[in-house]
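Each chain, written out:
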Amino acid sequence: SDHALSLLGARDLGQVLDTNFVERLRGDTVAATWSEFVTRVTQSGSASAESELEEFGGSRRAVTLQGVALQDHPDGMPSLLVTVRDISSARRLEASLEEEEGLRRSLQSALSDATATVETLRNNLVALATERKELQTALDTVLVQRPQIAQSVEQLRGALTAIMEAAATARQPKDKDAK
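Residues numbered from 1 in each chain as written. Predicted model: local features only at pLDDT ≥ 70, side-chain atom pairs only at ≥ 80, totals over all residues. Heavy atoms only, no water.

## Some points on the overall build of the chain
Of the regular secondary structure elements, the chain holds 6 helices and 4 strands. Going from N to C terminus, the chain has its helices and strands arranged as α-α-α-β-α-β-β-β-α-α. At 48 Å, the chain has a C-alpha radius of gyration far larger than the 16 Å of a compact globule built from 179 residues. Across its three principal axes, the chain shows a C-alpha extent of roughly 160 × 35 × 35 Å. For the chain, long-range pairs separated by at least 24 residues make up 45% of all intrachain contacts whose partners lie at least 6 apart in sequence. A total of about 13,900 Å² of accessible surface is found on the chain, and carbon and sulfur atoms cover 56% of it. Charge separation in the chain, taken as the distance between the mean sites of 20 positive and 27 negative side-chain charges, equals 17 Å. (Helix = DSSP H or I, 4+ residues; strand = E, 2+ residues; numbered from the N terminus. Rg over C-alpha atoms; globule rule 2.2 N^0.38 Å. Contact = heavy atoms within 4.5 Å. Areas by Shrake-Rupley, 256 points an atom, 1.4 Å probe, with all protein chains shown as cover. Lys, Arg positive; Asp, Glu negative; His and termini not counted. Charge placed at Lys NZ, Arg CZ, Asp CG, Glu CD.)

Structure representation (structure tokens):
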């Protein structure tokens, strides 16, 4: 059928006729998978398995094998009817969904971190606003008291001058008393 040719990546039926289908299956455990698949089909009447199928061009695609045991085959040999379904689109979709889920989790984590950072910044802004108010109050107090401070400085300067003059006078020899 055209579907089978497409599945194998074949140009025409002649390319497929001498091909052993099992030899087109790929993967780490193809022999074991095929052997187990055949055993399960013959013992239970039907089974399925997943594998990779290599196209004639070398590309691989994920496939599901569905098998049914054929009873009373005319040649007397145990036989199977196997259908192969291309699931590579589903695998790509699953991988894409897993990637999107990983991105969603990363974004959710980043959003949580950003929210925590915003909350920390908000708390810092509140603390800075409080500190700013306290500094403004202190500055206003200094500005209000500035004239008083200037007056006190002048009074201290005058007192210091008077003390220094008194000390200088006390150090001078008294000529009147000495004579």
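After that view, the rundown keeps rolling.
## Quick notes on the pairing of strand β3 (residues 60-70)
Bridge analysis of strand β2 (residues 46-54) against β3 gives 9 bridges, and the strand direction is antiparallel. Its bridge partner being in β3, Ser46 is matched across the sheet by Val68. Turn length for the β2-β3 hairpin, with the two strands adjacent in sequence and antiparallel, is 5 residues, and the turn residue Gly58 shows positive phi of about 100°. (Pairing = 2+ DSSP bridges.)

## A closer look at the sheet that holds strand β4 (residues 79-86)
Here we have 4 strands laid out as an open sheet, ordered β1-β2-β3-β4, and antiparallel in their pairing. Only two strands of the sheet have a single neighbouring strand rather than two, namely β1 (25-26) and β4. In the sheet, β1 pairs with β2 via 2 bridges, with the strands oriented antiparallel. For Arg26, the partnering residue across the bridge sits in β2 and is Glu52.

## Some remarks on the confidence of the model for the chain
Confidence in the prediction of the chain, expressed as mean pLDDT, is 84, and 93% of residues score 70 or more. Confidence, expressed as mean pLDDT per element, reaches its minimum in the chain at helix α6 (residues 175-178) with 57 and its maximum at helix α5 (residues 88-171) with 91. (pLDDT = per-residue confidence, 0-100.)

## Focus: the nonpolar core
Side chains of a nonpolar character, in soluble globular proteins, are inclined to be buried together. Judged by nonpolar contacts, the single largest core of 16 residues is most densely connected at Phe37, Leu53, Val63 and Leu65. For this core, the secondary structure elements donating two or more residues are α1 (2-8), α4 (30-44), β2 and β3. Residues contacting Val63, with those up to four places away along its chain left out, are Leu7, Ala49, Glu50, Ser51, Glu52, Leu53, Val84, Arg85, Asp86 and Ile87. (Core = buried A, V, L, I, M, F, W, Y, C linked by side-chain atoms within 4.5 Å. Buried < 20%, exposed > 50% of the residue type's maximum accessible area, 1.4 Å probe, protein only.)

## Side note on the side chain of Arg61
For Arg61, the location among the structural elements is in strand β3. The exposure class of Arg61 is buried, given its relative accessible area of 16%. A distance of 2.5 Å separates the side chain of Arg61 from the side chain of Asp86, its partner in a polar contact. Look past the residues within four positions of Arg61 in its chain and what remains in contact with it is Ser6, Leu7, Ser51, Glu52, Leu53, Glu55, Asp86 and Ser88. (Polar contact = N/O pair within 3.5 Å; in protein donor to acceptor, adjacent residues only side chain to side chain.)

## Comments concerning the pattern of salt bridges
With the rule as written, the count across this model stands at 9 salt bridges. Between Arg105 and Glu101 there is a salt bridge, and its shortest N-O distance comes to 3.2 Å. Pair noted here: Arg105 and Glu101 are both in helix α5, with a separation of 4 residues, about one helical turn. For Arg105, a relative accessible area of 49% puts it in the partly exposed group. (Salt bridge = Lys/Arg side-chain N within 4 Å of Asp/Glu carboxyl O.)

## Observations concerning the side chain of Thr64
Within the secondary structure, Thr64 is located in strand β3. Once you skip the residues sitting within four places of it in the chain, Thr64 turns out to touch Ser48, Ala49, Glu50, Thr83, Val84, Arg85 and Ile87.

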